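Observations on the model geometry
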Amino acid sequence: MKHIVKNVLTNKERKKLIEDCKPHLIDGKELEKKYDRPFPAKQTQEDIYLIPCFREPINKILITTSKTLRQSLVLKRVWINCTSGKKEDVLWHNHIPMEWSCVYYMKTLPFVDSGTLFKDGFMRAPQNSLIIFPANLDHCPPTSPFRFKRYSMALDLVRTS
């Protein structure tokens, strides 16, 4: 089952998160060389939760997710993506072997369909919202003719024992 939660962070927290992530974004081609697998667009390393400026917003998202699912969860990986809506930015994938995945929408355009494309359809998500879904679901970012920078944070989670 997929869930959407709106108004996750304050506007000040959301804007700070965008500015804080910019120096940590790495071009996908560089990541491809390093990890020998495709990385569309730009993204951070998946351990950004270790960087102090990201801890508080990530923890807030984790708490929100745990409350929504009514489960105690442990964070396994977190990274930030910056896509531009190009077809080359689309890469269908899932997050197996994790149990849950989330996408937090840091920056989108109000008149453009933001959200995530799943095999069973598109799920809309406005800026400052969170989609929570089973990690085995195939998904990708949507394409857009507007070519704006879409910032999103991905989190992978498992239940505590």
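Scoring rules and cut-offs
Position numbers for residues start from 1 in each chain and track the written sequence from start to end. With pLDDT at 70 or above as the cut-off, local features in this predicted model cover only qualifying residues; side-chain atom pairs require 80 or more to be listed or tallied, and sums for whole chains, interfaces and linings still use all residues. In computing side-chain values, all of the structure's heavy atoms are included and hydrogens and water are not. A run of DSSP states H or I qualifies as a helix once it reaches four residues; a run of E qualifies as a strand once it reaches two. Both are numbered from the N-terminal end. Pairs of residues are marked as contacts when any of their non-hydrogen atoms sit within 4.5 Å. Among buried residues, those of type Ala, Val, Leu, Ile, Met, Phe, Trp, Tyr and Cys that are joined through side-chain atoms within 4.5 Å constitute a nonpolar core. For every residue, the accessible area obtained with a 1.4 Å probe (protein chains only) is divided by the maximum for its type, and the residue is called buried under 20%, exposed over 50%, and partly exposed between those limits. Disulfides are defined in this document as cysteine sulfur pairs within 2.5 Å. Two N or O atoms count as a polar contact when they lie within 3.5 Å, although within protein this holds only if one can serve as hydrogen donor and the other as acceptor, and sequence-adjacent residues are included solely when both atoms are side-chain atoms. The rule for pairing is simple: two strands pair if DSSP sees at least two bridges between them. Throughout, the protein atoms alone are placed on a 1 Å grid, and a set of points is a cavity if a 1.4 Å probe fits but cannot get out or a pocket if it is open with protein on both sides within 12 Å along at least five of seven lines; lining residues have an atom within 4 Å of a point. Grid points are joined across faces, edges and corners, and a volume is the space filled by probe spheres set on the points. Throughout this entry, Asp, Glu, Lys and Arg are counted as charged residues, while Ala, Val, Leu, Ile, Met, Phe, Trp, Tyr, Cys and Pro are counted as nonpolar. The remaining residues, Gly among them, count as polar. The rule is short: rings of Phe, Tyr and Trp, with Trp giving its six-membered ring, pair when the centres are within 6.5 Å, and they are stacked under 30 degrees, edge-to-face over 60, tilted in between.

**What about the side chain of Asn 81?**
Along the polypeptide, Asn 81 turns up in strand 4 (residues 73-83). Excluding anything up to four places from it in sequence, Asn 81 contacts Lys 42, Gln 43, Arg 150, Tyr 151, Ser 152 and Ala 154.

**Digging into the nonpolar core**
Among the nonpolar cores identified, the biggest contains 27 residues, and Ile 80, Tyr 104, Met 106, Leu 130 and Met 153 are the most heavily contacted of them. Broken down by element, this core gets its largest block of residues, five residues, from helix 3 (residues 52-69). Those residues in contact with Ile 80 that sit more than four places away from it in its chain are Cys 21, Leu 25, Lys 42, Gln 43, Thr 44, Ile 48, Phe 54, Met 106, Ser 152 and Met 153.

**Here's the deal with the state of the cysteines**
For the coordinates displayed, the defined rule picks out zero disulfides. For the unlinked cysteine Cys 53, the closest cysteine sulfur is that of Cys 21, found at 9.3 Å. Residue class for Cys 53 comes out partly exposed when judged on its relative accessible area of 30%. Among the cysteines around Cys 140, which has no disulfide bond, Cys 82 carries the closest sulfur, lying 16 Å off.

**Things to note about helix 2 (residues 28-35)**
Because each turn of an α-helix spans 3.6 residues, side chains separated by three or four positions end up pointing in the same direction. Its side-chain oxygen 3.0 Å from the backbone nitrogen of Lys 29, Asp 27 forms the N-cap of helix 2. Backbone geometry just after helix 2 places Asp 36 at a positive phi near 55°.

**Describing the sheet that holds strand 6 (residues 115-118)**
One open sheet accounts for three strands, arranged 7-6-9; its pairing is antiparallel. The open sheet has two edge strands, strand 7 (121-124) and strand 9 (139-140), and neither has a second partner. As paired elements, strand 6 and strand 9 share two bridges and run antiparallel to each other. The residue bridging Phe 118 from the neighbouring strand is His 139, located in strand 9.

**A few points about the layout of surface pockets**
Roughly 620 Å³ of internal volume is contained in the largest pocket. Lining the largest pocket we find 31 residues, and of these Gln 43, Trp 79, Asn 81, His 93 and His 95 sit closest to its centre. Listing elements by their share of the lining of the largest pocket, those giving two or more residues are helix 2, strand 4, strand 5 (100-107), strand 9 and strand 10 (150-159). Considering every element that reaches the lining of the largest pocket, the biggest residue donor is strand 4, with four residues. For the lining of the largest pocket, the class distribution of residues is 15 nonpolar, 11 polar and five charged.

**Things to note about the packing of aromatic side chains**
By the definition in use, this model includes two aromatic pairs. Between the aromatic rings of Tyr 35 and Phe 39, the centroid separation amounts to 5.7 Å while the plane-to-plane angle is 45°, which identifies the pairing as tilted. Here the aromatic rings of Phe 118 and Phe 133 are separated by 5.0 Å at their centres, their planes lie at 75°, and the arrangement is edge-to-face. Here Phe 118 is found in strand 6, whereas its partner Phe 133 is found in strand 8 (residues 130-134), with 15 residues between them in sequence.

No statement about biological role is implied by the geometric values presented.
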